Amino acid sequence: MFSFFKISNPNWAVRVFSQFLVFMLSFSLVFAPSASYSQSTLNNPIPGVMVTQSPAFVPVLLKGMTIHTDDPFRFDFIVDSGNTNFEQDEINEESEKL
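Analysis parameters
- Residues numbered from 1 in each chain as written.
- Predicted model: local features only at pLDDT ≥ 70, side-chain atom pairs only at ≥ 80, totals over all residues.
- Heavy atoms only, no water.
- Helix = DSSP H or I, 4+ residues; strand = E, 2+ residues; numbered from the N terminus.
- Buried < 20%, exposed > 50% of the residue type's maximum accessible area, 1.4 Å probe, protein only.
- Contact = heavy atoms within 4.5 Å.
- Areas by Shrake-Rupley, 256 points an atom, 1.4 Å probe, with all protein chains shown as cover.
- Phe/Tyr/Trp six-rings, centres within 6.5 Å; stacked < 30°, edge-to-face > 60°.
- Patch = residues over 30% accessible without salt bridge, like charges linked within 9 Å, V, L, I, M, F, W, Y side chains within 5 Å.
- Salt bridge = Lys/Arg side-chain N within 4 Å of Asp/Glu carboxyl O.
- Lys, Arg positive; Asp, Glu negative; His and termini not counted.
- Charge placed at Lys NZ, Arg CZ, Asp CG, Glu CD.

Asks: Explain the overall build of the protein here, please?
Replies: What the protein contains, in helices and strands, is 2 helices and 2 strands. When the elements of the protein are put in sequence order from the N terminus, they spell out α-β-β-α. The buried share of the protein, reckoned over its 98 residues, is 4%. Within the protein, residue pairs in contact and separated by at least 24 positions form 27% of the contacts whose partners lie at least 6 positions apart. For the protein, the accessible surface area stands at approximately 9,900 Å², while carbon and sulfur atoms represent 61% of it.

Below, the structure written as structure tokens:
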């Protein structure tokens, strides 16, 4: 299961590396990280309190597209703004992303 090999005459680099590993492992065992607890900055509800659903959010969606038969490389996309309350410029920016 375990295999070990022995270096017959280790050079100084192997010795330094081995001693460094022993030091780091010993240091990590002695000075183990302390237990940490989450902070209460997330505004989570108190345990046991019923959490209601948030209102549904509908983002900007690509609903469909129109293909013109006279010009096959011309498309018109049908974009639904959802309930984002965007202005026309913002809807154009979001439709470019889609």
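Asks: For this particular structure, what's the right way to read the packing of aromatic side chains?
Replies: Aromatic rings in a pair are described by how distant their centres are and how their planes are angled relative to each other. Under the criterion given, the structure shown has 3 aromatic pairs. Between the aromatic rings of Phe27 and Phe31, the centroid separation amounts to 4.9 Å while the plane-to-plane angle is 50 degrees, which identifies the pairing as tilted. With relative accessibility at 41%, the residue Phe27 sits in the partly exposed group. Between the aromatic rings of Phe75 and Phe77, the centroid separation amounts to 6.3 Å while the plane-to-plane angle is 35 degrees, which identifies the pairing as tilted. With a relative accessible area of 48%, Phe77 lands in the partly exposed category. Taken together, the ring pairs in this structure connect Phe23, Phe27 and Phe31 into an aromatic cluster.

Asks: It is not clear to me how a negative patch on the surface should be interpreted in this structure. Could you clarify?
Replies: Judged by side-chain charge, Glu87, Asp89, Glu90 and Glu93 come together as a negatively charged surface patch. Note that Glu93 resides in helix H2 (residues 88-97). Of the residues examined, Glu93 reaches a relative accessible area of 54% and is grouped as exposed.

Asks: Any chance you could explain the pattern of salt bridges here in plain terms?
Replies: Note that side chains of opposite charge can pair when their charged atoms are close. Considering all chains together, one arrives at 1 salt bridge under this definition. Across the salt bridge formed by Asp80 and Lys63, the nearest N and O atoms sit 4.0 Å from each other. Here the residue Asp80 occupies a position in strand S2 (residues 75-80), and Lys63 occupies one in strand S1 (residues 61-67), the gap between them amounting to 17 residues.

Keep in mind these values describe shape, not function.
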